[in-house]
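# Summary of structural features
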Amino acid sequence: GNSVTQMEGPVTLSEEAFLTINCTYTATGYPSLFWYVQYPGEGLQLLLKATKADDKGSNKGFEATYRKETTSFHLEKGSVQVSDSAVYFCALRNTGNQFYFGTGTSLTVIP
Amino acid sequence: NAGVMQNPRHLVRRRGQEARLRCSPMKGHSHVYWYRQLPEEGLKFMVYLQKENIIDESGMPKERFSAEFPKEGPSILRIQQVVRGDSAAYFCASSPAGVSPDTQYFGPGTRLTVL
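Quick look at the structure, then. These numbers come from a predicted model, not from an experiment.

## Observations regarding the overall build of chain B
- Within chain B one finds zero helices and 11 strands.
- Here chain B has a C-alpha radius of gyration of 13 Å; the compact-globule value for 115 residues is 13 Å, and the two agree.
- Its C-alpha atoms put chain B at 40 × 25 × 25 Å along the principal axes.
- The buried share of chain B, reckoned over its 115 residues, is 46%.
- For chain B, long-range pairs separated by at least 24 residues make up 54% of all intrachain contacts whose partners lie at least 6 apart in sequence.
- Charge separation in chain B, taken as the distance between the mean sites of 16 positive and 11 negative side-chain charges, equals 8 Å.

## Overview of the layout of surface pockets
- Volume-wise, the largest pocket comes out at about 400 Å³.
- Those elements giving two or more residues to the lining of the largest pocket turn out to be β10 (86-93) and β12 (105-110) of chain A together with β9 (88-95) of chain B.
- Tallied by class, residues from the lining of the largest pocket come to seven nonpolar, seven polar and four charged.
- Approximately 190 Å³ is the volume found for the second largest pocket.
- Forming the walls of the second largest pocket are 13 residues, and the residues nearest its centre are A:Gln45, A:Leu46, B:Gln104, B:Tyr105 and B:Phe106.
- Put simply, the parts of the chain that give the lining of the second largest pocket at least two residues each are β6 (44-50) of chain A together with β10 (105-106) of chain B.
- The element best represented in the lining of the second largest pocket is β6(A), accounting for four residues.

## Regarding the state of the cysteines
- In this structure the tally under the stated criterion is two disulfides over all chains.
- Two residues, A:Cys23 and A:Cys90, share a disulfide whose sulfurs are 1.9 Å apart. Where A:Cys23 bonds to A:Cys90 through sulfur, the torsion about that S-S bond is close to -70°, and the disulfide is left-handed. Here the residue A:Cys23 occupies a position in strand β4 (residues 23-26), and A:Cys90 occupies one in strand β10, the gap between them amounting to 67 residues. Of the two residues examined, A:Cys23 and A:Cys90, each falls in the buried class.
- Disulfide pairing is shown between B:Cys23 and B:Cys92; the S-S distance is 1.7 Å. Residues B:Cys23 and B:Cys92 are joined by a disulfide whose S-S torsion is about -50°; by sign, that bridge is left-handed. Here B:Cys92 lies in strand β9 and B:Cys23 lies in strand β3 (residues 19-24), a separation of 69 residues in the sequence.

Rules used in this analysis
- Residues numbered from 1 in each chain as written.
- Chains lettered and ligands numbered in written order.
- Predicted model: local features only at pLDDT ≥ 70, side-chain atom pairs only at ≥ 80, totals over all residues.
- Heavy atoms only, no water.
- Helix = DSSP H or I, 4+ residues; strand = E, 2+ residues; numbered from the N terminus.
- Rg over C-alpha atoms; globule rule 2.2 N^0.38 Å.
- Buried < 20%, exposed > 50% of the residue type's maximum accessible area, 1.4 Å probe, protein only.
- Contact = heavy atoms within 4.5 Å.
- Lys, Arg positive; Asp, Glu negative; His and termini not counted.
- Charge placed at Lys NZ, Arg CZ, Asp CG, Glu CD.
- 1 Å grid on protein atoms, 1.4 Å probe; cavity = no way out; pocket = protein on both sides within 12 Å on 5 of 7 lines; lining within 4 Å.
- Points joined across faces, edges and corners; volume = space filled by probe spheres on them.
- Nonpolar A, V, L, I, M, F, W, Y, C, P; charged D, E, K, R; others polar.
- Disulfide = S-S within 2.5 Å.

Structure representation (structure tokens):
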């Protein structure tokens, strides 16, 4: 079946620290992989995506590489800001219209 | 262009009552998706609708849950005879016709609490 496992939070970092949020997946076939971000009081927003193996998605300084050999799609950012405080969801979409989401990782960045 | 709207944002019901959750997709979007997030879990797909049609309801519980997306007006997720286990955040997403289902825009969610 299809599933996503992501790093449990909450994660607290100081401003300008390096961020990694781990995500691994189980899927048949060749899914598309996504990171969504949810700021307080708002809906989920697409942060980045990758549609095939070895693709790198990037946006707003965040990046993640689709690793088929390790079935992973870890999210990284070199220098986090207070404004990055949010909940981050890893997700996959296989054939069909369904997304499969991880449980979310809460990130708090302190000045 | 307003985003996906959901109301109410918070809903409290007693066991046995009905819950009606509304989702207004983005302007021009004709596809709506509903997801449920139970405590400590990820979002789980429930149903995918187009105007006046249910396309995929494979994630919907077999009883008490129904969804519609009429020609006019918002999409409605209806839960009859709610139980405590229905307490969750319910998210709606929309997308325009003719694009990849990768492109889904999410609303802020409705948090349902069943007492």
